[in-house]
Amino acid sequence: MPPKAELQTHLTVDELKTRYRQADDISEVRRWQLLHLVAQDWTIKQAAQAVDLNYDYAKEIIRRYNHAGPDAIKNRQQQRHSSARSLLTDDQQQELQKLLREPAPDGGDWSGPKVAQWIAEKTGRSHVWPQRGWDYLKRLSKE
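To keep things clear, this report deals only with the structure shown in the data block. (Residues numbered from 1 in each chain as written. Predicted model: local features only at pLDDT ≥ 70, side-chain atom pairs only at ≥ 80, totals over all residues. Heavy atoms only, no water.)

This brings us to the packing of helix α6 (residues 90–99) against helix α7 (residues 112–123). With their axes 12 Å apart at the nearest point, α6 and α7 run at an angle of 140 degrees to one another. Judged by the inter-axis angle, α6 sits oblique to α7. For the crossing formed where α6 meets α7, the hand is right-handed. Along the contact surface, α6 presents Gln92, Glu95, Leu96 and Leu99, while α7 presents Val115, Trp118, Lys122 and Thr123. Class assignment of the residues belonging to the contact of α6 with α7 gives a composition of four nonpolar, two polar and two charged. (Axes fitted to C-alpha atoms, helices over the stretch in contact; angles between N-to-C directions. Helix = DSSP H or I, 4+ residues; strand = E, 2+ residues; numbered from the N terminus. Parallel < 35°, antiparallel > 145°, perpendicular 65-115°, else oblique. Left-handed = near helix turned anticlockwise from the far one by under 90°. Contact = heavy atoms within 4.5 Å. Nonpolar A, V, L, I, M, F, W, Y, C, P; charged D, E, K, R; others polar.)

Direction vectors running N to C along α7 and helix α8 (residues 130–142) enclose 100 degrees, while the axes themselves pass 7 Å from each other. One element, α7, and the other, α8, form an angle in the roughly perpendicular class. Along the contact surface, α7 presents Gly112, Pro113, Val115, Ala116 and Ile119, while α8 presents Pro130, Gly133, Trp134, Tyr136 and Leu137. The residue makeup of the contact of α7 with α8, split by class, is eight nonpolar, two polar and no charged.

It is worth spelling out the layout of surface pockets at this point. Unfilled space is identified by rolling a water-sized probe across the atoms. In this structure, the second largest pocket spans a volume of roughly 180 Å³. Looking at the second largest pocket, it is lined by 14 residues, and the ones nearest its centre are Leu7, Gln8, Thr9, Val38 and Ala39. Listed by contribution, the elements that provide at least two residues to the lining of the second largest pocket are α1 (13–22) and α2 (26–39). Grouping the amino acids of the lining of the second largest pocket by side-chain chemistry returns eight nonpolar, three polar and three charged. (1 Å grid on protein atoms, 1.4 Å probe; cavity = no way out; pocket = protein on both sides within 12 Å on 5 of 7 lines; lining within 4 Å. Points joined across faces, edges and corners; volume = space filled by probe spheres on them.)

Spelled out as structure tokens, the structure:
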């Protein structure tokens, strides 16, 4: 039988349970649940299988938690996305949102490259990647 994982006592077993039950992000839920199970003397392998995570990734989660504490469990992908620098001011975003309700200047549908071109012209940038245009298109079309 593999050795039990050692968890630093950043949080109690009950606090870990509360964290996984209250987390909004599904990735964070699985990480907290993994830690909760390991804190209850499950092996990493058993806990990883129970929450459907790769064993090596589960070991990495435990290593990060032991090293950096509860903050290490946050979804870093979400943090990177939310901290991305905006290309447009709030007023420019409102202007674009209104434009997206109408046909594109060429008469067709709006696309990522078309929005990127509009952003480049509006902001005076020499180039805006089509993916950034797509991001704005998807986000502002929902609102």
